[in-house]
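Each chain, written out:
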Amino acid sequence: MPDDLKNSYRAGPDSRGRFGNFGGRFVSETLMPLILELERQYEHAKTDDSFWAEMHDLWTNYVGRPSPLYHAARLTERLGGAKIYLKRDELNHTGAHKINNVLGQIILARRMGKTRIIAETGAGQHGVATATVCAKFGLKCVVYMGAHDVERQQPNVFRMRLLGAEVIPVTSGRGTLKDAMNDAMRDWVTNVRDTFYCIGTVAGPHPYPAMVRDFQAIIGTEAKAQMQEAEGRLPDTLIAAIGGGSNAMGLFYPFLDDPSVRIIGVEAGGKGVSDEMQHCASLTGGRPGVLHGNRTYLLQDDDGQILEGFSISAGLDYPGIGPEHAWLHDIGRAEYVSITDREALDAFQLCCETEGIIPALEPSHALAHVAKIAPELPADHIICMNLCGRGDKDIFTVARALGIDIS
Ligand SMILES: Cc1ncc(COP(=O)(O)O)c(C=O)c1O
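Residues numbered from 1 in each chain as written. Predicted model: local features only at pLDDT ≥ 70, side-chain atom pairs only at ≥ 80, totals over all residues. Heavy atoms only, no water.

Peer 1: So, the overall build of the chain: which residues are in play, and what are the values?
Peer 2: Tallying secondary structure elements over the chain gives 16 helices and 14 strands in all. The globule rule puts the C-alpha radius of gyration for 407 residues at 22 Å, and the 20 Å found for the chain is close to it. A principal-axis box enclosing the C-alpha atoms of the chain has dimensions of 55 × 55 × 45 Å. Expressed as a percentage of its 407 residues, the buried residues of the chain come to 61%. If you sum the accessible surface of the chain, you get close to 15,100 Å²; carbon and sulfur atoms cover 50% of it. Computed over 40 positive and 51 negative side-chain charges, the separation of the two mean positions in the chain equals 3 Å. (Helix = DSSP H or I, 4+ residues; strand = E, 2+ residues; numbered from the N terminus. Rg over C-alpha atoms; globule rule 2.2 N^0.38 Å. Buried < 20%, exposed > 50% of the residue type's maximum accessible area, 1.4 Å probe, protein only. Areas by Shrake-Rupley, 256 points an atom, 1.4 Å probe, with all protein chains shown as cover. Lys, Arg positive; Asp, Glu negative; His and termini not counted. Charge placed at Lys NZ, Arg CZ, Asp CG, Glu CD.)

The structure is reproduced here in structure tokens:
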């Protein structure tokens, strides 16, 4: 381990892929050779200048990075209190942060000689990013998507098909992200020879959580430099929404060893965190167990059966959370809160009206928490929030929730 990472929050995971008691590699024997090969490729890529040169070229010329760090002046004025900056990752090609990570995984897949890429998607943003990069490199792409999500994210389903991907609706369970991930895992076990599983968040077996985090850390690395340029100092508080936790880990990671920076992850509180499980707040309302190859906090019943979560936002509708978040939660380095559907909808409208930005429903949860705490903070307190997706995909859901017919 490099000297500067000793006693660092950024030192994890250990050699077995664990963040404290979380993470690891709980997979079938069939998958082990493939996962070990991926780990080998990734370990090599980490210190391979040609890998990072290719990533930076694509981030710059294909994705449009760096995304701006934007002072939301009218939102700041409306809320009164802390100064609010938005990291504009919704301006990336394909409309969200997901493509930051997809590019890294597809470069690795090509290096491993894989010709068929599979992915799971909730809101469709990871599916669209994967279909996009597969089209760019001429790779076959299959996307698993819960049938319920297919229904509520129609624009993204159409985009994926336009991009040449096969979209497979998954009808098991409640037809959401967990079920799509289960079917993608099944496909992977069956087709290990030619297939690469491109996971969309900081979950799955080691090395996925660390690898996806490292690809998304471009968000925090840029934000840190941009904040120094704009304010000459670090932000006081970071805020990001959490489904599996990749955009949040990407923003948080470069700041973990800066003790003055308060870190807040926002989970989906759905209709309110209660025993009825009408929410997706795994840290606030769940407990540790194993799902999708890693140990983390999960929504589960007394017998350890995974419970279906609920959120108005398809991208946050996952009953687990990345293992690094589970660890940061338990050691107290980051705080995790939940926001209800109603609060997220109000924040969605507030952002449209004050900033002329239509946010996705996922970061609207983070915005709602900003709206909750900013008024209580002094004017010299700086909040940096990751606006990780744009809201075009959500206008039908929002219209329905507001009782407006636009069909
Ligand atoms: C715009 C947007 N934000 C956030 C998420 C949640 O994912 P994560 O927590 O991995 O960033 C999604 C997932 O689909 C998304 O589309």
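There is more to say, and it comes next.
Peer 1: Residues and numbers for the UniProt feature "modified residue: N6-(pyridoxal phosphate)lysine" (unreviewed entry) in the chain, please.
Peer 2: Taken from the UniProt record, the annotation "modified residue: N6-(pyridoxal phosphate)lysine" (unreviewed entry) applies to Lys98. One can find lysine 98 in helix H4 (residues 98-111). Given the relative accessible area of 17%, lysine 98 is considered buried. (UniProt positions renumbered as here; feature names shortened; annotations may be inferred.)

Peer 1: Describe the side chain of aspartate 48, listing the residues and the values that go with them.
Peer 2: Note that aspartate 48 resides in the loop between helix H1 (32-46) and helix H2 (49-63). Look at aspartate 48 and you get buried, because its relative accessible area is 15%. Among the polar contacts listed, one links the side chain of aspartate 48 to the side chain of serine 50, at a separation of 2.8 Å. (Polar contact = N/O pair within 3.5 Å; in protein donor to acceptor, adjacent residues only side chain to side chain.)

Peer 1: Describe the pattern of salt bridges, listing the residues and the values that go with them.
Peer 2: Within this structure, the stated rule accounts for 24 salt bridges. The salt bridge involving aspartate 89 is made with arginine 65; its shortest N-O contact spans 2.9 Å. Placement of aspartate 89 in the loop between strand S4 (83-87) and H4 and of arginine 65 in the loop between H2 and strand S3 (69-71) is noted, with a sequence separation of 24 residues between them. In this structure aspartate 89 comes out as buried when scored by relative accessible area, which is 0%. The salt bridge partner of glutamate 335 is arginine 262, with a shortest N-O separation of 2.8 Å. One end of the pair, glutamate 335, is in strand S13 (residues 335-340); the other, arginine 262, is in strand S10 (residues 262-270), and 73 residues separate them in sequence. With relative accessibility at 34%, the residue arginine 262 sits in the partly exposed group. Three or more residues joined by partner-sharing salt bridges are found here, namely Arg65, Lys87, Asp89 and Glu222. (Salt bridge = Lys/Arg side-chain N within 4 Å of Asp/Glu carboxyl O.)

Peer 1: Lay out the domain arrangement of the chain in plain terms, naming residues and giving numbers.
Peer 2: Annotation of the chain at the domain level lists domain 1 (18-60 + 97-212) and domain 2 (66-95 + 217-401). Taken over C-alpha atoms, the centre of domain 1 sits 22 Å from the centre of domain 2. Each side of the interface is counted separately: domain 1 has 44 residues, and domain 2 has 45 residues. Buried area between domain 1 and domain 2, both sides added, is near 3,500 Å², and the carbon and sulfur share of it is 60%. (Domains from an automatic or database assignment. Contact = heavy atoms within 4.5 Å. Buried area = accessible area lost by both parts, 1.4 Å probe.)

Peer 1: Can you break down H1 residue by residue, with the values?
Peer 2: Compared with the 21 Å implied by 1.5 Å per residue over 15 residues, the 21 Å span of H1 between its first and last C-alpha is a close match. Inspection of H1 places Leu34, Ile35, Leu38, Glu39, Gln41, Tyr42 and Ala45 among the buried residues, and these make up the whole buried set. The arc that holds the buried residues of H1, viewed along the axis, is 165°, so those residues lie on one side. Relative to its buried face, H1 has exposed residues pointing more than 90 degrees away, namely Pro33 and Arg40. Buried residues in H1 make contact with H2, H4, helix H8 (177-190), strand S8 (195-197) and helix H9 (208-216). (Expected span 1.5 Å × (residues − 1). Arc of directions from axis to C-beta.)

Peer 1: An account of the site of the ligand is needed here, citing residue identities and associated values.
Peer 2: Near the ligand, the surroundings consist of 15 residues, among which Thr201, Gly243, Gly245, Ser246 and Asn247 are the closest. Contact between the ligand and glycine 243: an oxygen atom at 2.7 Å from a main-chain N or O atom of the residue. Between the ligand and serine 246, the relevant distance is 2.7 Å, taken from an oxygen atom to a side-chain nitrogen or oxygen of the residue. Considered on its own, the ligand offers 390 Å² of accessible surface; in the complex 98% of this is hidden by protein. Of the pockets mapped on this structure, the ligand occupies the largest cavity. Shared between two domains, the shell around the ligand takes at least three residues from each, and those domains are domain 1 (18-60 + 97-212) and domain 2 (66-95 + 217-401). (Near = heavy atom within 4 Å. 1 Å grid on protein atoms, 1.4 Å probe; cavity = no way out; pocket = protein on both sides within 12 Å on 5 of 7 lines; lining within 4 Å. Sits in = over half its atoms within 2 Å of the grid points.)

Peer 1: Give me the layout of surface pockets: which residues, what numbers.
Peer 2: There is about 560 Å³ of room inside the largest pocket. Taken together, 24 residues line the largest pocket, and the ones lying closest to its centre are Leu5, Gly12, Lys46, Arg213 and Tyr253. Top element by residues in the lining of the largest pocket is H1. It accounts for 4 residues. Residues lining the lining of the largest pocket come from more than one domain, with at least three contributed by each of domain 1 (18-60 + 97-212) and domain 2 (66-95 + 217-401). (Points joined across faces, edges and corners; volume = space filled by probe spheres on them.)

Peer 1: Break down empty space enclosed by the protein for me, citing the residues and quoting the values.
Peer 2: Per the counting criterion, the structure on display carries 2 cavities of 30 Å³ or more. If you add up the space inside the largest cavity, you get close to 310 Å³. The wall of the largest cavity is formed by 27 residues, among which His97, Lys98, Gly200, Gly315 and Glu362 lie closest to the centre. At the level of elements, strand S5 (116-121), helix H5 (125-137), H8 and helix H11 (246-252) are the ones that each hand at least two residues to the lining of the largest cavity. Looking at side-chain class alone, the lining of the largest cavity contains 8 nonpolar, 15 polar and 4 charged residues. Split by domain, the lining of the largest cavity shows at least three residues from each of two domains, domain 1 (18-60 + 97-212) and domain 2 (66-95 + 217-401). Counted as a void, the second largest cavity has a volume near 40 Å³. Taken together, Leu75, Leu79, Ala347, Leu350, Cys351, Leu367, Val370 and Ala371 make up the full set of residues lining the second largest cavity. (Nonpolar A, V, L, I, M, F, W, Y, C, P; charged D, E, K, R; others polar.)

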